[in-house]
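Chains, contacts and geometry: an overview
The primary structure of each chain is shown beneath.
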Amino acid sequence: MSAETVRSIGILAADTAVEAAWAQWGALTAAAVPVGRLRIWTIIDPEALLLLSLAVRDRERRLNDLLAGWARAGSSLLSVQRLRTLAKEFPPPVREQVGDFARHAADAGDRRWRKHAAGPDEDGSPEPRRKDTGPLRLVEGPTLMLRLRAGFGVGAKADLLAFLLGLGGAAAELKAITVATGYSGRAMRTAAEEMALARFIHEIQGPPSAYRADPAAWERVLETHQLDPRPESHPGIPPWRFWSVAFAFLADVVRWAEEAEGEEWSGYYASSRARDLMEVHRRRLRYLQLHLAAGDWARGAAYLDPFRDIVERVSTWVRESLYE
């Protein structure tokens, strides 16, 4: 029964990850056809999407083609530093595969990726087809983060603005900003102070200091009212969601289930490793604003039940957040 429970948890996490990755790629490129008729209306975190796609591309081979196509067409809009920082929250096999993406980006002429590139077949992944992903969709609402990078440059300031605009006018403290953006606290403090000095964002006097952006003012500049496919119910700038937090957790759960099956873990050991996984992710998962039971009452293999409940709640949050 424990093996079946572990397998079902892994399948749930993997299916959710594939659906989320495919849905978000569908907003970026015509090569990914959206699932059903639903189109996402939340801001895409490009580095988090790339890492999630690496985590589950063996389960959905078309993601491999999309990753290679994006390396050729859109790598210049990605932050090497931010990708490497966010990758630290993902399981080691995902971090190792970043070199494969870097190789494709370097081969396409983006020199920033050269020193991070792996050699051909170094990670054992199949070579993707040289499929054209089509023109990048940078004016659609969910691509706001990439659009701001295209206009202002890839860096902390563009990402800070995207995050704050996605909060709908609410203020955020620096700690939440650093988790969302993946930049250091010092870098984000400097960026925020300079953006506030330029009156692009506004500082809320603390302590702790916090910052907000005026979405109404930026909507006029970005003309987001013309981009929303459902203006009657979702006007303005799409909301921000902590995709890097949820995606790193799902990737770790997928890896946990794969190792449990491959190494034939006992229910007790699988449960123990699940607890360890939660210790790593619990603090960051609070940014999803979910009430996740600790499951401290469960002993031994019994912890798999509350762990499954946590994975179910995160998976539900991901699916519901995609189509806000």
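The structure this text deals with has already been given above.
Here the residue numbering is sequential within each chain, running from 1 through the sequence in written order. With the structure being a predicted model, the display of local features is reserved for residues of pLDDT at least 70 and the display and counting of side-chain atom pairs for 80 or more, all residues being used for whole-chain, interface and lining totals. For side-chain calculations, the full set of non-hydrogen atoms in the structure is used, while hydrogens and water are omitted.

**Quick notes on the overall build of the protein chain**
Which entries qualify depends on this criterion: Helical segments are the DSSP runs of H or I of at least four residues, strand segments are the runs of E of at least two, and each set is numbered from the N terminus. Partly exposed describes any residue whose relative accessible area lies between the buried limit of under 20% and the exposed limit of over 50%, with all areas from a 1.4 Å probe on protein chains only and scaled to the type maximum. Contacts are assigned to residue pairs that have any heavy atoms within 4.5 Å of one another. All accessible-area figures derive from a Shrake-Rupley calculation using a 1.4 Å probe, and residue coverage is judged against the displayed protein chains alone.
For the protein chain, the count of helices and strands is 13 helices and three strands. Each of the 324 residues in the protein chain was classed as buried or not, and the buried ones make up 54%. Look at the contacts in the protein chain between residues 6 or more apart in sequence, and 74% of them connect residues 24 or more apart. As presented, the protein chain carries roughly 14,900 Å² of accessible surface, and 49% of it is formed by carbon and sulfur atoms.

**Overview of the pattern of salt bridges**
The condition is simple: A side-chain nitrogen of Lys or Arg and a carboxyl oxygen of Asp or Glu constitute a salt bridge if their distance falls within 4 Å.
If you walk through the whole model with that rule in mind, you get 17 salt bridges. A salt bridge links Glu19 to Arg319; the shortest N-O distance between them is 2.7 Å. Of this pair, Glu19 sits in helix α1 (residues 2-28) while Arg319 sits in helix α13 (residues 304-322), placing them 300 residues apart in sequence. A salt bridge links Glu259 to Arg255; the nearest nitrogen and oxygen atoms lie 3.2 Å apart. Residue Glu259 and its partner Arg255 are located together in helix α11 (residues 243-262), separated by four residues, close to a single helical turn. What makes Glu259 buried here is its relative accessible area of 18%.

**Quick look at the packing of aromatic side chains**
The following threshold applies: Pairing of aromatic rings covers Phe, Tyr and the six-membered ring of Trp, with a centre-to-centre limit of 6.5 Å; geometry is then stacked below 30 degrees between planes, edge-to-face above 60, and tilted otherwise. Two conditions define a charge sitting above a ring: the NZ of Lys or the CZ of Arg must be within 6 Å of the ring centre, and it must be within 35 degrees of the ring normal.
Scanning the entire structure with this criterion turns up 12 aromatic pairs. When the centroid spacing of 6.5 Å and the interplanar angle of 85° are considered together, the rings of Phe152 and Trp218 count as edge-to-face. Linking Phe152 in helix α6 (residues 144-152) with Trp218 in helix α10 (residues 215-222), this pair joins segments that are 66 residues apart in sequence. Judged by its relative accessible area of 11%, Trp218 falls in the buried class. Three or more aromatic residues joined by ring pairs make a cluster, and in this case those are Phe163, Trp240, Phe242 and Tyr287. One Lys or Arg, Arg62, reaches over the ring of Trp22 and ends 4.2 Å from the middle of that ring.

**What about the sheet that holds strand β1 (residues 172-173)?**
For clarity, the threshold we go by: Here, strands pair whenever DSSP counts at least two bridges between them.
Ordered in space as β1-β3-β2, the three strands form an open sheet in which the pairing is antiparallel. With partners counted over all chains shown, the strands left at the sheet margins are β1 and β2 (202-204), one partner each. Direction of pairing for β1 relative to strand β3 (residues 210-212): antiparallel, over a ladder of two bridges. Residue Glu173 lies in a different strand from β3, and its bridge partner there is Ala210.

**Some thoughts on the packing of helix α3 (residues 62-73) against helix α5 (residues 92-107)**
To describe two helices that pack against each other, one gives the angle between their axes and the distance between the axes. Definition in use: Fitting a line to C-alpha atoms yields each axis, with helices limited to the stretch in contact; the angle taken between N-to-C directions then spans 0 to 180 degrees. If an angle is under 35 degrees, it is roughly parallel; if it is over 145, roughly antiparallel; if it lies from 65 to 115, roughly perpendicular; otherwise it is oblique. Handedness of a crossing follows from how the near helix is turned relative to the far one, being left-handed for an anticlockwise turn of less than a right angle and right-handed for a clockwise one. In this count, Pro and Cys sit with the nonpolar residues alongside Ala, Val, Leu, Ile, Met, Phe, Trp and Tyr, while Asp, Glu, Lys and Arg are called charged and the others, Gly among them, polar.
Taken N-terminus to C-terminus, the directions of α3 and α5 make an angle of 40°; their axes are 7 Å apart at the nearest point. On the basis of their axis angle, the class for α3 and α5 is oblique. Relative to α5, α3 is oriented so that their crossing is right-handed. Between α3 and α5, the residues in contact are Leu67, Ala68, Trp70 and Ala71 and Phe101, His104 and Ala105, respectively. A per-class count over the contact of α3 with α5 returns six nonpolar, one polar and no charged.

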